[in-house]
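This is what each chain is made of:
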Amino acid sequence: WFWLDHGEDALGTEKCISPKPNAYWAGDTHLGWEYRLEKAKEFDYVFACQKDAVEKYKKEGIEAYWIPHAGDPYAYDYGAIEEVKGDPFILYNPDKRIAQMKKHDVCFIGFSNCEERCERLDILFKAVPNFYYAAGRFFTATSKVYAQSKLVFNTSIRNDINMRCFEAMC
């Protein structure tokens, strides 16, 4: 049995009753640490996507392993996209037989929930006239915006390698 922490479950405090052996993959351990620590105590195997969390778990007597985020390009497929005449800012999707210009110079998808991130975004808003910002976009919606952008800006909350790194590359 495998429990995948997707962030929103940190709102609940219910006990997990599951068959043995079981495993827990803790995401966003830099947010809601106490909840994730208590949840980890219920499992036989604990994995964390933030590397520093592995050491924190071990200090608490919980054997933990690092499994970082990753991305599967097929999960973020926006069609077979190619450059047109060597121009990386024009897309061609042979499935739809269309060419399109990139819509955004720079994009950022995420929440403005920390001071350092807000400061960096403010600099970009002022410097880049065609800047796309959205919160709460996932999967296909994210991949479409990334495919329509010349550059993807990412800044994590606590210097971790977050999922957006992999989404942008996919």
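Preceding this paragraph is the structure being described.
Each value, and the rule that gives it
- Residues numbered from 1 in each chain as written.
- Predicted model: local features only at pLDDT ≥ 70, side-chain atom pairs only at ≥ 80, totals over all residues.
- Heavy atoms only, no water.
- Pairing = 2+ DSSP bridges.
- Helix = DSSP H or I, 4+ residues; strand = E, 2+ residues; numbered from the N terminus.
- Axes fitted to C-alpha atoms, helices over the stretch in contact; angles between N-to-C directions.
- Salt bridge = Lys/Arg side-chain N within 4 Å of Asp/Glu carboxyl O.
- Buried < 20%, exposed > 50% of the residue type's maximum accessible area, 1.4 Å probe, protein only.
- Expected span 1.5 Å × (residues − 1).
- Arc of directions from axis to C-beta.

To continue, consider the sheet that holds strand 10 (residues 149–152). What the three strands build is an open sheet, ordered 9-8-10; its pairing is parallel. The open sheet terminates on both sides in strands that have one partner only, identified here as strand 9 (131–134) and strand 10. The sheet shows a mean angle of 30 degrees between the axes of neighbouring strands, taken without regard to direction. Bridge count for strand 8 (residues 104–109) against strand 10 is three bridges, and the pairing is parallel. Residue pairing in the sheet places His104 in a bridge with Ser149 of strand 10.

This brings us to the pattern of salt bridges. Using the criterion set out here, one finds seven salt bridges in the structure. Its salt-bridge partner being Glu38, residue Lys41 comes within 3.0 Å of it at the nearest N-O pair. According to the relative accessible area criterion, Glu38 is partly exposed, its value standing at 38%. Linking Asp122 and Lys126 is a salt bridge whose minimum nitrogen-to-oxygen distance equals 3.0 Å. Highlighted residues: Asp122 and Lys126, both in helix 3 (residues 115–127), separated by four residues, approximately one helical turn. Here Lys126 falls in the exposed class, since its relative accessible area comes to 68%.

Between the first and last C-alpha of helix 3 there are 19 Å, a value that for 13 residues agrees with the 18 Å anticipated at 1.5 Å per step. Along helix 3, the positions that sit buried rather than exposed are Arg117, Leu121 and Leu124. An end-on view of helix 3 places all buried positions within 60 degrees of arc, on one side of the element. Turned more than 90 degrees from where helix 3 packs its buried face, Glu115, Ile123, Lys126 and Ala127 sit exposed.

If you walk across this open sheet you meet the four strands as 1-2-3-4, and the pairing is parallel. With one partner strand each, in any of the chains shown, strand 1 (2–4) and strand 4 (64–66) form the two edges of the open sheet. Each strand axis lies, on average, 20 degrees off the axis of its neighbour in the sheet, ignoring direction. Sheet analysis places strand 2 (residues 23–26) next to strand 3 (residues 45–48), joined by four bridges and oriented parallel.

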